[in-house]
Amino acid sequence: MDQKNVRNFCIIAHIDHGKSTLADRILELTDTVEKREMKDQILDSMDLERERGITIKLNAVQLVYHAKDGQDYLFHLIDTPGHVDFTYEVSRSLAACDGAILVVDAAQGVQAQTLANVYLALENDLEILPVLNKVDLPSAQPEVVKKEIEDLIGLDCSEAVEISAKSGLNVDKVLEEIVHKLPSPKGDKEAPTQALVFDSFYDSYRGIIAFVSVKNGTIKPKDKIRFMATGAEYEVTEVGVRTPKEVVEDQLNCGDVGWVSAAIKNIEDVRVGDTITVASNPASEPLSGYREMHPMVYCGLYPVDNARYDDLKEALSKLKLNDAALHFEPETSQALGFGFRCGFLGLLHMDVVEERLEREYNLSLIATSPSVIYHVYKTDGTMEEIDNPSALPEPQKVDHIEEPYVKCDIMVPKEFVGPMMDLCQKKRGEYVDLQVLDDVRMMMVYQMPLSEIIYDFFDKMKSCTKGYASFDYEFSGYRTSSLVKMDILLNGQIVDALSTIVFRDFAYNRGNAMAVKLKDLIPKQQFEIPVQAAIGGKIIARTNIKALRKNVLAKCYGGDISRKKKLLEKQKEGKKRMKMVGSVEIPQEAFMAVLSMDDD
Amino acid sequence: MVPSAYVHIPFCDSICAYCDFVRIQKNEQFFSLWKEKLIQEIQEYKISNLHTLYFGGGTPSVLSLDDFTSIRNCFPKDIDEFTVECNPESLDEEKLASYVSLGVNRISLGVQSFNDDLLKVCRRRHTSNQAKKVIRWIQESGIHNFSVDLIFGLPDQTMEDVKRDIFTFLSLDIPHLSIYSLQIEENSIFGKTGVEPCDPDLEADMFEYITKTLEAAGYIHYEISSFCKPGYYSKHNLAYWQDKDFYGFGCGASGRLDGIRYDNTTSLKKYCLKGPCSTYIPEPLSERGMDAIMMALRTKFGLNIREWNLKYQNDFKNHYATVLDMYREYFCFEGECIYLNDAGLEILNTILVDFMMIE
């Protein structure tokens, strides 16, 4: 197809504003997916995405649209996640596109992630097409929201299409707008090949498959391709697109978004953000790629069964192909044995990775409570980066500790500004700014320690604003704080995997809350188990898990065997997920206890 | 020969708050069909010899004498132990005399408590006095082998309440007691109305008191929930606990033939239309061996290791060496048998789970 009839675009929006539903309708209207194969959120192919109703991975499809001008157009549509943790997925999608459809919920209006995604799109020089979704809701106020978009973002909304992605209302108009308002890719088919690798995954038969956006030139089977950053060269075996099924093509042309298979076995060779060129006529420069994301949150991941360490290593390597922001390196814990210190962009990212490892690789894992990276300045004048509380040097060797701060933009209805400010203060937030956005909403700007954000800020924010607030954050720098390491002792022994670094003034409350939470989570055993929290050698909180006295099924007659066995099977499954530390059996959840406790 | 048979009578006059067994308020529409299908089911096996027979429910004593007789007559005349579960409100002297003439030689009476307030909480329809009267009738009927059921750990029940129940029990000279801690089953009225379970420490204290007091009074604690005077073991229940086959007849019954367990349909409608519709539960030998351990360790007789090794083609002491070591302070050995001491019985589930962890 002629390059001027190609449109590469993505859909960006705040979480739950209807990206994936709009993608569904577009696939339907263009007959890309047959009716009988259609299901909701078809591009969310991971079970995890479908269950949670969120998009985690970007997903690219090719479709053909027969426009009202009588011509066929080739669309490459990239669905993107909306949650702040997956911003890196969004930025990768954007680099592969020329335009973006901005979906805004006509009832909720512009939210924090709407702004964040728009700024990303503008950075990438994308043409943005605003669309108002959910206009069929009784609470929809399309005119108010249009004005909001114009005021806050500065986009002309006079021609913004008002749609209902759910019912399909006006989605046909969006397709026409894509044809007329979004640009076609600029590249040159005859120029040396430059293809941006924006994603990759591992296929057990074909090796590593790279997803590329071809910016110049072509790629076809038998081409010898070179990854410009790593220098690795491979012969292409197959190229193709997704519709969303995989379809093999003769070649990928400039402007195409598709996949390249070249029997790539070495995981290290394929880096997302790298440029592929053809070795016989190489491009002189790689494409600019995009900002590499650095992990903000670290935790330890350990197999419950120590013998599966190698399986975990392999699983992490494969997952990383598909998740460039994931970092990991080996670490050991006295309590948990051999595992990995893993870095994530946020808590949801951590949660998703853990769940994917458990499901897709059938691993049973223990995750330790998350930590940020602390800068520990020692008395000998050196600085150490610490992402694992148990690695914190002795107090006498520490001069001071710095922790990462983030700038938080919080959009909140006026009536919740008070409670929200209280919450930010309580989380050691430092007021920066408060702006009136419109008649009903304000934008609060705070500097906050990242450790407080990952702790329970999001849940607390939701409960104190009834879910009406949205927020976005970005790293702003390191600051000195008064921090201490808090240890947890079970049965008199420090369990290294339960240590945390806490703000000194919070230590007493957190220590108490942690002890109580652990008491609830750790099942009774045949002996009494003291649970203590300590700073240095000083015990700051204590409670006891009483000894188990009775665990027996009262009635057990002939007819009961099946039922009673089920009960025992359940106890057995629970036991399989426990880790023996010293003489105490600790369930997996206990290692994450710090996240679910209430210390108010 | 299959030594034992259980007949499930799924009808009740009213539904008790703790119960989640297959039971239904008696209704005429299904009754005659049910009886016909039950008799058919039993007769198919042409049983000529039976060691123990047990009518449970539900409430077998809600059956009319005619119905009872026609079901009973499907079995041989001479049965070593023939138990009928009864509720105080549906048993009278006349019925008792008829039971005796039909060969019933053991009654299991659902008393549950001698405290009228707690009986109301359980939605029982009898009073403490009624229960005591029926116990006297049983004793006068010539049935000297009988048992009562009691429950402890009921909502708001205190330690004093338990002591009074045990005291009353002891004053009535009853040879057998089955005493259960309340389990809040999801499908019972207690479960559906969100009744809180008893504090585990209080429950443990109650049970400790019960065991101590009954043993001091000369009762043998021969199974976790069962106490008896010497010689008054429930032979029928021992068949379950000692890994024997047994027939299970009727809607909602379970049985075991040639070591393979089966469950009959729990739908009365289905039973009336199509009969038992038994589902067989195929288990590998190792699994059946585990069932045997699970049941045998409930009793003070324990598990006969030599027999188990032969039957399940395994080496018990070797296979479970880690578990036996882990809980060595709870296990006792006597001859070929292994059994748990009192403290071990209390945490039987914890121990069984560790047995199950060994594949």
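Numbering of residues starts from 1 in every chain and runs along the sequence as written. Think of it this way: whatever chain is written first is A, whatever ligand is written first is 1, and the rest follow in order. In keeping with the model being predicted, local features are shown solely for residues with a pLDDT of at least 70 and side-chain atom pairs are shown and tallied solely at 80 or more, while totals for entire chains, interfaces and linings include all residues.

A. Quick peek at the overall build of chain A. Counting its regular elements, chain A contains 13 helices and 33 strands. The buried share of chain A, reckoned over its 600 residues, is 48%. Across chain A, every contact between residues at least 6 apart in sequence was considered, and the portion connecting residues at least 24 apart equals 70%. For helices the rule is a DSSP run of H or I covering at least 4 residues; for strands it is a run of E covering at least 2, with both sets numbered from the N terminus onward. Each residue is classified by how many other C-beta atoms fall within 10 Å of its C-beta atom, where C-beta atoms are placed from the backbone; a count of 20 or more means buried, 12 or fewer means exposed, and values in between mean partly exposed. By the convention adopted here, residues make contact when the C-beta atoms placed from their backbones lie within 7 Å.

B. Spatial organisation of the overall build of chain B. Helix and strand counts for chain B stand at 16 helices and 17 strands. In chain B, which comprises 359 residues, the proportion classed as buried is 42%. Restricting to contacts in chain B with at least 6 residues of sequence separation, those with at least 24 account for 70%.

C. Here's a closer look at the interface of chain B and chain A. Contacts between the two partners involve 34 residues from chain B, matched on the other side by 20 residues from chain A. Here the side of chain B that touches chain A gets seven residues from one element, more than from any other, and that element is helix α16 (residues 348-357) of chain B. Tallied by class, the residues present in the side of chain B that touches chain A amount to 18 nonpolar, eight polar and eight charged. Three classes are used, and their members are as follows: Ala, Val, Leu, Ile, Met, Phe, Trp, Tyr, Cys and Pro are nonpolar, Asp, Glu, Lys and Arg are charged, and the others, Gly among them, are polar.

D. Spotlight on helix α5 (residues 142-152) of chain A. Residue and element names in this part refer to chain A. Listed in full, the buried residues belonging to α5 are V145, K146, E148 and I149. For α5, the buried positions fall inside an angular range of 160° around the axis, keeping them on one side. Of the exposed residues in α5, the ones pointing more than 90 degrees away from its buried face are E143 and D151. Elements that come into contact with the buried residues of α5 comprise β4 (99-105) and β5 (127-133). Looking one or two residues beyond α5, the residue adopting positive phi is G154, at roughly 80°. To be clear, the arc concerns the directions from the helix axis to the C-beta atoms.

E. Just the nonpolar core, in detail. Nonpolar core, as used here: buried Ala, Val, Leu, Ile, Met, Phe, Trp, Tyr and Cys residues forming one set through C-beta atoms within 7 Å. If you look at the biggest cluster of nonpolar residues, it comprises 164 residues, and the most contacted ones within it are A100, L102, V131, V212 and I219 of chain A. Per element, the largest residue contribution to this core is seven residues, and it comes from strand β23 (residues 398-413) of chain A. Those residues in contact with V212 of chain A, other than ones at most four positions away along the chain, are A195, L196, V197, F198, G258, V260 and I276 of chain A. With 92 residues, the next largest nonpolar core counts L119, Y232, L340 and L352 of chain B among its residues.

F. Highlighting unusual backbone geometry. Cis peptide bonds are those with omega within 30 degrees of zero, and the linkage from G57 of chain B to G58 of chain B qualifies with 25°. Located in the positive-phi region is N170 of chain A, a residue other than glycine, with phi close to 65°. Among the secondary structure elements, N170 of chain A is positioned in the loop between β6 (161-162) and α6 (171-181).

G. Broad picture of the pairing of strand β7 (residues 194-203) of chain A. All names here are of chain A. The buried fraction of β7 is high, at seven of 10 residues. Note that β7 and strand β8 (residues 207-216) share nine bridges and pair antiparallel. The residue bridging Y202 from the neighbouring strand is I208, located in β8. The antiparallel hairpin formed by β7 and β8 contains three residues in its connecting segment. Strand pairing follows a simple DSSP-based rule, namely that at least 2 bridges must link the two strands. Examined bridge by bridge, β7 and strand β16 (residues 275-278) share two bridges and lie antiparallel to one another. By the bridge assignment for β16, A195 is matched with I276.

H. Quick peek at the pairing of strand β3 (residues 72-79) of chain A. All names here are of chain A. Buried residues dominate β3, accounting for seven of its eight residues. Strand direction decides the pairing type here: strand β1 (residues 6-13) and β3, joined by six bridges, are parallel. Looking at β3, one finds that I11 is bridged to D79. As judged from the eight bridges shared by strand β2 (residues 59-66) and β3, these two strands associate in the antiparallel manner. Residue Q62 lies in a different strand from β3, and its bridge partner there is H76. The turn linking β2 back onto β3 is made up of five residues, and G70 within it adopts a positive phi angle of 90°.

I. The arrangement of the packing of helix α6 (residues 159-171) of chain B against helix α8 (residues 200-216) of chain B in detail. Residue and element names in this part refer to chain B. Axes here mean lines fitted to C-alpha atoms, for a helix over just the part in contact, with angles spanning 0 to 180 degrees between N-to-C directions. Remark: α6 packs on α8, axes separated minimally by 10 Å, with the N-to-C direction vectors making an angle of 25°. Classed by the angle they form, the pair α6 and α8 counts as roughly parallel. Judged by the sense of rotation from one axis to the other, the crossing of α6 with α8 is right-handed. Within the contact between the two elements, α6 uses M159, V162, K163 and I166 and α8 uses L202, D205, M206, Y209, I210 and T213. Within the contact of α6 with α8, the residues separate by chemical class into seven nonpolar, one polar and two charged. Throughout this description, any angle smaller than 35 degrees is read as roughly parallel, any larger than 145 degrees as roughly antiparallel, any in the 65 to 115 degree range as roughly perpendicular, and the remainder as oblique. Two helices cross in a left-handed way if the nearer one is turned anticlockwise from the farther one by less than a right angle. They cross in a right-handed way if the turn is clockwise.

J. Representation of the confidence of the model for chain B in the model. Looking at chain B as a whole, its pLDDT mean stands at 93, while 100% of the residues score no less than 70. Two summary scores accompany this predicted model of the complex, namely pTM at 0.70 and ipTM at 0.86. Every residue is assigned a pLDDT by the predictor, reflecting its confidence on a scale from 0 to 100.

K. Here's a closer look at the sheet that holds strand β15 (residues 303-304) of chain B. Residue and element names in this part refer to chain B. The antiparallel open sheet is built from three strands, whose spatial order is β15-β17-β16. Bordering the open sheet on either side are β15 and β16 (331-334), each of which pairs with just one other strand. Bridging between β16 and strand β17 (residues 337-340) involves four bridges; their strand directions are antiparallel. By the bridge assignment, E334 is partnered in β17 with C337.

L. Inspection of helix α3 (residues 93-101) of chain B at higher detail. Residue and element names in this part refer to chain B. Within the sequence span of α3, burial applies to K95, L96 and Y99. Along the axis of α3, the buried residues cluster in a sector spanning 100°; they form a single face. More than 90 degrees from the buried face of α3, the exposed residues found are E94 and S101. At its buried positions, α3 is contacted by α2 (65-72), β5 (79-86) and α5 (128-141). Just beyond α3, the residue with positive phi is G103, at close to 100°.

M. Representation of the packing of helix α12 (residues 561-576) of chain A against α16 of chain B. Two numbers describe how α12 of chain A lies on α16 of chain B: the axes approach to 9 Å, and their chain directions differ by 70°. By the angle class used here, α12 of chain A and α16 of chain B are roughly perpendicular. Two packed elements cross with a definite hand, and for α12 of chain A against α16 of chain B that hand is right-handed. Within the contact between the two elements, α12 of chain A uses L568, Q571, K572 and K575 of chain A and α16 of chain B uses N349, L352, V353, M356 and M357 of chain B. For the contact of α12 of chain A with α16 of chain B, a count of residues per class yields five nonpolar, two polar and two charged.

N. Main features of the sheet that holds β7 of chain A. All names here are of chain A. Taken together, the eight strands give an open sheet; going across it, the order is β11-β10-β16-β7-β8-β15-β12-β13, and neighbouring strands pair in antiparallel fashion. Edge positions in the sheet fall to β11 (233-235) and β13 (246-249), since each of these pairs with one other strand and no more. Strand after strand, the sheet turns through a mean of 40° between neighbouring axes, direction not considered. Summarising the sheet, β8 and strand β15 (residues 257-264) pair through six bridges and their orientation is antiparallel. Bridging from a neighbouring strand, I209 pairs with S261 of β15.

O. Examining the environment of R206 of chain A more closely. Residue and element names in this part refer to chain A. In this structure, R206 sits in the loop between β7 and β8. On the neighbour-count criterion, R206 (14 C-beta atoms within 10 Å) is partly exposed. Separated by 57 residues in sequence, R206 and A263 have C-alpha atoms that sit 5.5 Å apart. When near neighbours in sequence (up to four residues on either side) are disregarded, R206 contacts S261 and A263.

P. Examining the environment of H126 of chain B more closely. Residues and elements named next belong to chain B. Structurally, the position occupied by H126 is in the loop between α4 (116-121) and α5. In sequence terms H126 and G110 are 16 residues apart; their C-alpha atoms lie 9.9 Å from each other. Beyond its immediate stretch of four places on either side in the chain, H126 contacts N87, P88, E89, L119 and A131.

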